[in-house]
Amino acid sequence: AALPKATILDLSCNNLISLPSDFCSLMHLVKLDLSKNRLQQLPLDFGRLVNLQHLDLLNNRLVTLPVSFAQLKNLKWLDLKDNPLDPVLAKVAGDCLDEKQCKQAAVKVLQHMKAIQSEQDRQRQRKLQAEREMEKKREAEQRAKEAQERELRKREKAEEKERRRREYDAQKAAKQEMEKKTKKETVQTRKPASSSRPPQPPRHKPSWSRSVLRVLLFVLFCILCALAACKLTELQRQPLCVSVNTLYEDVVAALQNHKTLQNMLQHNSQQ
């Protein structure tokens, strides 16, 4: 890694088990020999070695290649013999017994890895699309759920409002019915009392002449009472009664001298 501008590197016959990730920083490598080691896999970002043209992986323990291997667009020579490769990959790589076969191996393996990369990209895109659709579906379900909850709350509020209105109407009707019943009972209570009373004759308002007549009759009654008291009781010797008797006799004598009154008095005396 301290030699980033190295172009040719031979690490064959070193019993290497793996390569560190910073190995892929040697991006100027053109020829790399990793034959006769014990490599089980290559770094995942092995495709960063974009300038690599010659790659020797003879006699290792590789089963597959990293997908980034498809980015080695300048690769022209490849040897994968004596590796426990996946059957499909082994068939694609073929033998590398001469220069022509090694060049064909490079071309075919690159095409195969590009196809795998494309398939993985498509799968990744389908997965992302599925995730997006799932997210949209969840959002739609969430919106539908929220709308349903809003509708439910709205319906509950409407039902509560309707319930309160019915209760209010019921209370109002009960109150009116109670007032009506109380009024009816009051009327029924007053009716017998009024019907038990005998009908009273209509009262006529006394006139002024009747009042005067009553006063005169009362005065005449008082005079007659006084005259009777002075005539029939022991009060006749009192000076007041003497004067009253004298006045009475003078009035009677004067009335007797009047012919009309005399006739009336005679008629009354005869009756």
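To start, this report covers the structure provided alongside it. Just so it is clear, the model here is predicted, and its values are computed rather than measured.

Topic: the overall build of the chain
Broken down by element type, the chain carries five helices and four strands. Ordering the α and β elements of the chain from the N terminus gives β-β-β-β-α-α-α-α-α. Taken across its 271 residues, the chain has 19% of its residues classed as buried. Taking all contacts inside the chain whose residues are at least 6 apart in sequence as the whole, residues at least 24 apart take part in 28%.

Quick word on a nonpolar patch on the surface
On the surface, Leu-213, Val-215, Leu-217, Phe-218, Val-219, Leu-220, Ile-223 and Leu-224 cluster together into a nonpolar patch covering about 770 Å² of accessible area. Among the residues examined, Phe-218 registers a relative accessible area of 55% and is labelled exposed.

Side note on the pattern of salt bridges
On inspection of all chains with the given rule, the structure shows 12 salt bridges. For the salt bridge of Asp-121 with Arg-124, the shortest nitrogen-to-oxygen distance reads 2.2 Å. Taken as a pair, Asp-121 and Arg-124 lie in helix H2 (residues 99-196) at a separation of three residues, close to a single helical turn. The salt bridge partner of Arg-163 is Glu-160, with a shortest N-O separation of 2.4 Å. Taken together, the residues Arg-163 and Glu-160, both in helix H2 and three residues apart, mark about one turn of the helix.

Here's the deal with the sheet that holds strand S2 (residues 31-33)
For sheets, the rule is that strands pair by backbone hydrogen bonds, running either parallel or antiparallel. Across the sheet, which stays open at both edges, the four strands sit in the order S1-S2-S3-S4 with parallel pairing between neighbours. The outermost strands of the open sheet, each flanked by one partner alone, are strand S1 (8-10) and strand S4 (77-79). Adjacent strand axes in the sheet meet at a mean angle of 5 degrees when their direction is disregarded. Both strand S3 (residues 54-56) and S4 contribute to a ladder of three bridges, which runs parallel. Paired with Leu-55 across the two strands is Leu-78, which belongs to S4.

Here's the deal with the side chain of Asp-56
Within the fold, Asp-56 resides in strand S3. Salt bridges are absent for the buried Asp-56, whose nearest opposite-charge side chain, Lys-81, sits at 6.6 Å. A polar side-chain atom of Asp-56 sits 3.1 Å from the main-chain amide nitrogen of Leu-58.

Brief notes about the state of the cysteines
Overall, the coordinates contain one disulfide when judged by the stated rule. Bridging Cys-96 to Cys-102, the disulfide has an S-S length of 1.4 Å. Given an S-S torsion of about 100 degrees, the disulfide between Cys-96 and Cys-102 has right-handed geometry.

Thoughts on the environment of Glu-99
Residue position: Glu-99 is located in helix H2. Here the alpha-carbon distance between Glu-99 and Asp-79, two residues 20 residues apart in the chain, equals 9.9 Å. A polar contact of 3.4 Å, which involves the side chain of Glu-99, links it to the side chain of Trp-77.

Here's the deal with the packing of aromatic side chains
Geometrically, a pair of aromatic rings is defined through the distance of the ring centres and the angle of the planes. Per the stated rule, a full pass over the model turns up one aromatic pair. Both rings, one in Phe-46 and one in Phe-69, keep their centres 6.2 Å apart while their planes meet at 5 degrees; by these two values the pair is stacked. One end of the pair, Phe-46, is in the loop between S2 and S3; the other, Phe-69, is in the loop between S3 and S4, and 23 residues separate them in sequence. For Phe-46, a relative accessible area of 0% gives the class buried. Given a relative accessible area of 0%, Phe-69 falls into the buried group.

Concerning the nonpolar core
Ranked by size, the top nonpolar core spans 28 residues in total, and within it Phe-46, Leu-55, Leu-65, Phe-69 and Val-109 carry the most contacts. Listed by contribution, the elements that provide at least two residues to this core are helix H1 (87-93) and H2. Sort the elements by how many residues they give to this core and H2 lands first, with four residues. Apart from residues no more than four positions distant in its own chain, Leu-65 is found in contact with Leu-42, Leu-80, Leu-89, Val-109 and Met-113.

Observations regarding unusual backbone geometry
Not every positive phi belongs to a glycine, and Cys-13 is a case in point at roughly 60 degrees. Examined against the element boundaries, Cys-13 turns out to sit in the loop between S1 and S2. Positive phi is not limited to glycine here, since Asn-15 has a value of about 55 degrees. Of note, Asn-15 is situated in the loop between S1 and S2.

Procedures and definitions
- Residues numbered from 1 in each chain as written.
- Predicted model: local features only at pLDDT ≥ 70, side-chain atom pairs only at ≥ 80, totals over all residues.
- Heavy atoms only, no water.
- Helix = DSSP H or I, 4+ residues; strand = E, 2+ residues; numbered from the N terminus.
- Buried < 20%, exposed > 50% of the residue type's maximum accessible area, 1.4 Å probe, protein only.
- Contact = heavy atoms within 4.5 Å.
- Patch = residues over 30% accessible without salt bridge, like charges linked within 9 Å, V, L, I, M, F, W, Y side chains within 5 Å.
- Areas by Shrake-Rupley, 256 points an atom, 1.4 Å probe, with all protein chains shown as cover.
- Salt bridge = Lys/Arg side-chain N within 4 Å of Asp/Glu carboxyl O.
- Pairing = 2+ DSSP bridges.
- Axes fitted to C-alpha atoms, helices over the stretch in contact; angles between N-to-C directions.
- Lys, Arg positive; Asp, Glu negative; His and termini not counted.
- Polar contact = N/O pair within 3.5 Å; in protein donor to acceptor, adjacent residues only side chain to side chain.
- Disulfide = S-S within 2.5 Å.
- Phe/Tyr/Trp six-rings, centres within 6.5 Å; stacked < 30°, edge-to-face > 60°.
- Core = buried A, V, L, I, M, F, W, Y, C linked by side-chain atoms within 4.5 Å.

Spatial relationships are all this shows, so hold off on functional conclusions.
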